[in-house]
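# Results of the structural survey
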Amino acid sequence: MQKTLARFEEYRELVKTKASKLPKKHPRCLADGNELLRFYGATITCSLGINGVSSLCVSDKCCVCRIIRDGFSTKRELKGGIGVFTSSTSARAFESIEVFEENPDTRKALIVCRVIAGRVHRPLENIQEMAGQSGFDSLAGKVGLYSNIEELYLLSPRALLPCFVVICKP
Ligand SMILES: [Zn+2]
């Protein structure tokens, strides 16, 4: 967890440095790397949260514990090869959870994360093409009312810091 926090703060500095070199200034990027609060949907396979269990398991299949232990990883959390998918609404994040195996113990959970959005590319048109291009730190998916970014893909797993977990009833 300490390592994840250090990695997150390093990433923020990187985004700020990158933003300071751009001809067009993005005040939010320069100030704090454009930090936002987002929901990430994940599955949980252990008994965390049941009857007051608060210790993390060591199973690789338990996404929630793995993410809290080791942070997000590029290989696992990359959605459609674009980035780590997050949402501004719990409902959308919940919808995005994919349960791969029929395991009766699998529960759904939401991880509330601090994210460094950096420069956001929007709207998301040709995402596959855009993801490879440098200069942007995240991509907006669906943009809702009042141009609120409902869906946000973080291009680096270092841009997310898990803060707390909400476990949903099965
Ligand atoms: Zn677990």
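Thresholds applied
- Residues numbered from 1 in each chain as written.
- Predicted model: local features only at pLDDT ≥ 70, side-chain atom pairs only at ≥ 80, totals over all residues.
- Heavy atoms only, no water.
- Core = buried A, V, L, I, M, F, W, Y, C linked by side-chain atoms within 4.5 Å.
- Buried < 20%, exposed > 50% of the residue type's maximum accessible area, 1.4 Å probe, protein only.
- Helix = DSSP H or I, 4+ residues; strand = E, 2+ residues; numbered from the N terminus.
- Contact = heavy atoms within 4.5 Å.
- Donors = N, O, S within 2.8 Å, 3.2 Å for Na, K, Ca; no water.
- Tetrahedral: all angles 85-135°; square planar, octahedral: opposite > 155°, others 65-115°.
- Polar contact = N/O pair within 3.5 Å; in protein donor to acceptor, adjacent residues only side chain to side chain.

## Overview of the nonpolar core
If you look at the biggest cluster of nonpolar residues, it comprises 31 residues, and the most contacted ones within it are Tyr-40 and Val-64. Broken down by secondary-structure element, the contributors of at least two residues to this core are helix H1 (2-20), strand E1 (35-44), helix H3 (63-70), strand E4 (107-116), strand E7 (151-154) and strand E8 (160-167). Those residues in contact with Val-64 that lie beyond four places of it in its chain are Ala-42, Thr-43, Ile-44, Leu-48, Ala-109, Ile-111 and Val-165.

## So, the coordination of the zinc ion
Within the protein, the atoms that donate to the zinc ion are Cys-46 (SG), Cys-57 (SG), Cys-62 (SG) and Cys-65 (SG), at distances of 2.2 to 2.3 Å. Its four donor atoms give the zinc ion angles of 106 to 114° at the centre, a pattern that matches the tetrahedral case. Donor residues for the zinc ion, ordered by position in the chain, follow C-x10-C-x4-C-x2-C. Residue Cys-46 is located in the loop between E1 and H3, and its partner Cys-57 is located in the loop between E1 and H3; the two are separated by 11 residues in the primary sequence. Residue class for Cys-57 comes out buried when judged on its relative accessible area of 16%.

## Structural notes on the environment of Asp-32
Structurally, Asp-32 is set in helix H2 (residues 27-32). Asp-32 sits in the partly exposed class, given a relative accessible area of 22%. Through-space distance from the C-alpha of Asp-32 to that of Ala-117 is 9.7 Å; in sequence the pair is 85 residues apart. For Asp-32, the contacting residues outside a window of four places in its chain are Arg-12, Lys-16 and Ile-116. At 2.9 Å, the side chain of Asp-32 and the backbone nitrogen of Asn-34 are in polar contact. A polar contact of 3.4 Å, which involves the side chain of Asp-32, links it to the backbone nitrogen of Glu-35.

## A closer look at H3
Of all eight residues making up H3, six are buried, and the element is well covered by its neighbours. Burial in H3 covers these residues: Cys-63, Val-64, Cys-65, Arg-66, Ile-67 and Ile-68. In the segment just after H3, Gly-71 is the residue with positive phi, at about 80°.

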